[in-house]
Structures are given as structure tokens and as C-alpha cells.
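If you want the building blocks of each chain, they are given just below.
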Amino acid sequence: MTWLRTLGQTGIDVSALGLGTVKFGRNQGMKYPQGYDLPGDKTVRDLLAMAHDHQVNLIDTAPAYGCSEERLGKLLTGPRQDWVIVSKAGEIFDGQQSRFDFSAKHIQMSVERSLKRLRTDYLDVLLIHSNGEDQQIIEQHRVFDTLAELKQRGLIRAGGMSTKTVSGGLATTEQSDVAMVTYHPGYTDEKTVIDHALKQHKGVLVKKGFASGHLKQLSEQDDPIMAAMHFVLGHAGVSSLIAGTINPKHFEQNILAARSV
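Got a minute to help me understand the overall build of the protein chain in this structure?
The number of helices and strands found in the protein chain is 11 helices and 12 strands. For 261 residues, the compact-globule estimate of 2.2 N^0.38 gives 18 Å, and the protein chain sits close to it at 17 Å. Each principal axis of the C-alpha distribution contributes one length, and for the protein chain these read about 45 × 40 × 35 Å. Scored against the burial criterion, the 261 residues of the protein chain give a buried share of 52%. Contacts spanning at least 24 positions in sequence make up 74% of the contacts within the protein chain whose residues lie at least 6 apart. Considering the protein chain, the positive charge centre built from 29 side chains and the negative charge centre built from 29 side chains are found 3 Å apart.

Where do I start with the packing of helix 7 (residues 166–175) against helix 8 (residues 191–200) in this structure?
How two helices sit against one another is set out by the angle between their axes and by the gap between those axes. One way to put it is that helix 7 packs onto helix 8 with a least axis distance of 9 Å and a crossing angle of 10 degrees. With respect to helix 8, the element helix 7 is oriented roughly parallel. Packed against helix 7, whose contacting residues are Val166, Gly169, Leu170, Thr173 and Glu174, the element helix 8 presents Thr192, Val193, His196, Ala197 and Gln200 at the interface. Looking at side-chain class alone, the contact of helix 7 with helix 8 contains four nonpolar, five polar and one charged residues.

Sorry if this is basic, but what is going on with the sheet that holds strand 9 (residues 156–162) here?
Through backbone hydrogen bonds, the strands of a sheet pair up, either in parallel or in antiparallel fashion. Ordered in space as 3-4-5-8-9-10-11-12, the eight strands form a closed barrel in which the pairing is parallel. Each strand axis lies, on average, 30 degrees off the axis of its neighbour in the sheet, ignoring direction. Taken together, the three bridges between strand 4 (residues 58–60) and strand 5 (residues 84–89) define a ladder with parallel strand orientation. Residue pairing for strand 5: Asp60 is matched across the bridge by Val86.

So what exactly am I meant to see when it comes to the nonpolar core here?
Across soluble globular proteins, you tend to see nonpolar side chains buried next to one another. In terms of nonpolar packing, the biggest core is built from 58 residues, with Leu17, Leu48, Leu126 and Phe251 touching the most fellow members. A total of five residues in this core trace back to one element, the largest contributor, which is helix 2 (residues 41–53). The residues contacting Leu48, other than those within four sequence positions of it, are Leu19, Phe24, Ile59, Leu72, Leu75, Leu76 and Trp83.

Please clarify how the pairing of strand 11 (residues 203–207) should be interpreted in this entry.
Regular strands place their side chains on alternate faces of the sheet. Burial within strand 11 is extensive, with five of its five residues counted as buried. What you see with strand 11 is no split at all: Gly203, Leu205 and Lys207 on one side and Val204 and Val206 on the other are buried throughout. Pairing of strand 10 (residues 178–182) with strand 11 involves five bridges; the strand directions are parallel. Paired with Val178 across the two strands is Gly203, which belongs to strand 11. Each parallel crossover has a hand, and for strand 10 linked through helix 8 to strand 11 it is right-handed. In this sheet, strand 12 (residues 240–244) lies alongside strand 11 in parallel orientation, the contact comprising two bridges. Bridge assignment links Val206 to a residue of strand 12, and that residue is Leu241.

How should the packing of helix 10 (residues 224–233) against helix 11 (residues 248–259) be read in this particular structure?
The interhelical angle for the contact between helix 10 and helix 11, taken along N-to-C directions, is 45 degrees, at an axis separation of 9 Å. Accordingly, the angle class assigned to the pair helix 10 and helix 11 is oblique. In the crossing of helix 10 with helix 11, the sense of the turn from one axis to the other is right-handed. Two secondary-structure elements touch here, helix 10 through Ile225, Met226, Met229, His230 and Leu233 and helix 11 through Asn254, Ala257 and Ala258. The residue inventory of the contact of helix 10 with helix 11, partitioned by class, reads six nonpolar, two polar and no charged.

About the criteria used
Residues numbered from 1 in each chain as written. Predicted model: local features only at pLDDT ≥ 70, side-chain atom pairs only at ≥ 80, totals over all residues. Heavy atoms only, no water. Helix = DSSP H or I, 4+ residues; strand = E, 2+ residues; numbered from the N terminus. Rg over C-alpha atoms; globule rule 2.2 N^0.38 Å. Buried < 20%, exposed > 50% of the residue type's maximum accessible area, 1.4 Å probe, protein only. Contact = heavy atoms within 4.5 Å. Lys, Arg positive; Asp, Glu negative; His and termini not counted. Charge placed at Lys NZ, Arg CZ, Asp CG, Glu CD. Axes fitted to C-alpha atoms, helices over the stretch in contact; angles between N-to-C directions. Parallel < 35°, antiparallel > 145°, perpendicular 65-115°, else oblique. Nonpolar A, V, L, I, M, F, W, Y, C, P; charged D, E, K, R; others polar. Pairing = 2+ DSSP bridges. Core = buried A, V, L, I, M, F, W, Y, C linked by side-chain atoms within 4.5 Å. Right-handed = clockwise from strand over helix to strand, strands pointing away. Left-handed = near helix turned anticlockwise from the far one by under 90°.

Function-wise, these values are silent; they only describe arrangement.
This is how it looks when you write it as C-alpha cells:
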């Protein structure tokens, strides 16, 4: 398997495995089977160092991930070009619940705030953080026009949407650079989107590749993580699988599994 994969037509090379950082900054209102405490700075530094050492260059974050962006801004080291930073806009988490704002004004403000938090002057990828009403967000709010303007200003290199429906994913692959979709052995509805993206030469990032920690209940495999890794990364249309963890041992196991595909 090629470890670095080009993200569609963006010219951005991403590692087959990306590090998801929701658990760096948020532990409220989550759907994981077990609760967790936010990691200390040393643990986050160790995870980021492990990512760098193993050529995991893609870091996925979002304003809705609590203090994740601020912590990355403080703890991410090394040359900026060593990292592909993916963030999002549209979802706001107040510590208890989420609300959404897909207006051009809010998205532009959100990106500028993310840049300050991350201590960088550009995002590699900005994804619209969908609330599930993908088509309405695309058609009524014209979010891809907003992303095009942000690209023109040099604030982002590529844009797209973290979608929740097949129709939204297909529209995203038609009208933007990158779609983030859900795909794992227990859920294949969005394979249609990945297939279409491959034909259109668009980038695909996969979220929830391990079914948000519920994979064991969905799989009869002896090693469900390895099986899921092979299943997801075995599709030629997938650019990277985002795996969120705050356990360095689990992260290393994920890297080894991804490398074996």
C-alpha cells in the first residue's frame, strides 16, 4: 500500500492513517461506549511525536472539539509543512450541546478563529461540519461558494464537507475538493460516494472507520481493528482513515495495522 496518498486533485499528500483529535479537547456529549478524561499535555505531545515519527501527517480537528484546536496550536511542533491540518466550520459546541451556523459570515469568522487557535496562517483542508441536512446546507447556504472565496484569500488550500447522507456526499464530490464520509464493515451505505469520488478524482477522508468504538459488536473477526483497516483502506477511493485516540499504545497498533494494508 502507498502510505502517502494524494487527496484528490488538491495536490496535498496525506498519510493513509490520520490522527483524530476530538478526545484532545472534548468529553461531553459523545457517543463512545466509555467515558474518558481529557489527556494531559504530555500525552498529547507523545501522540503527536509518535505521529511525526511514523509519518502520520494528517491531523483532524474542529471548533466543536472543545479545546482541541488551542491545544494543537500550543503543542504541535516542527515545520508547518510537515503537517496536513484539517479543521471544520459550522458546528459550535458550548460545553453542553451543539448549535449550527452555516452562513458565510460565520464560516469566515470561524476559520479566522481556528487560524489563531492553531497558530498558523492557513488550513490545509476546511470541511463544513454538517448537522445532517447536507442538501439544505449546500443549496440554501451555498457553502461551497464560501469555501471558494476562502481558497482565493489563501486561508485554506482545499474545502469540502463532513457529510451525513449519501446525497450530500455525492453533491460534495461534485462541487468541492474533499468529502468526509462514514464507512466501515458494518456500514457501507456511503460506498457509493467513495466510488463516485474515485471517478471524479476527488479526495475522501473516512470518519468512524471503527464504528466509534462499537466495532467489536459489529464484527466476528478475531482482530476487528485490523479487518476494518483493510476494509476501509483497501478501497482505492479512500485517501485517509481518521482514527481518534488518546492511548499511545492503541495509536501505535493502529499505525502498524494501517501499514500492513
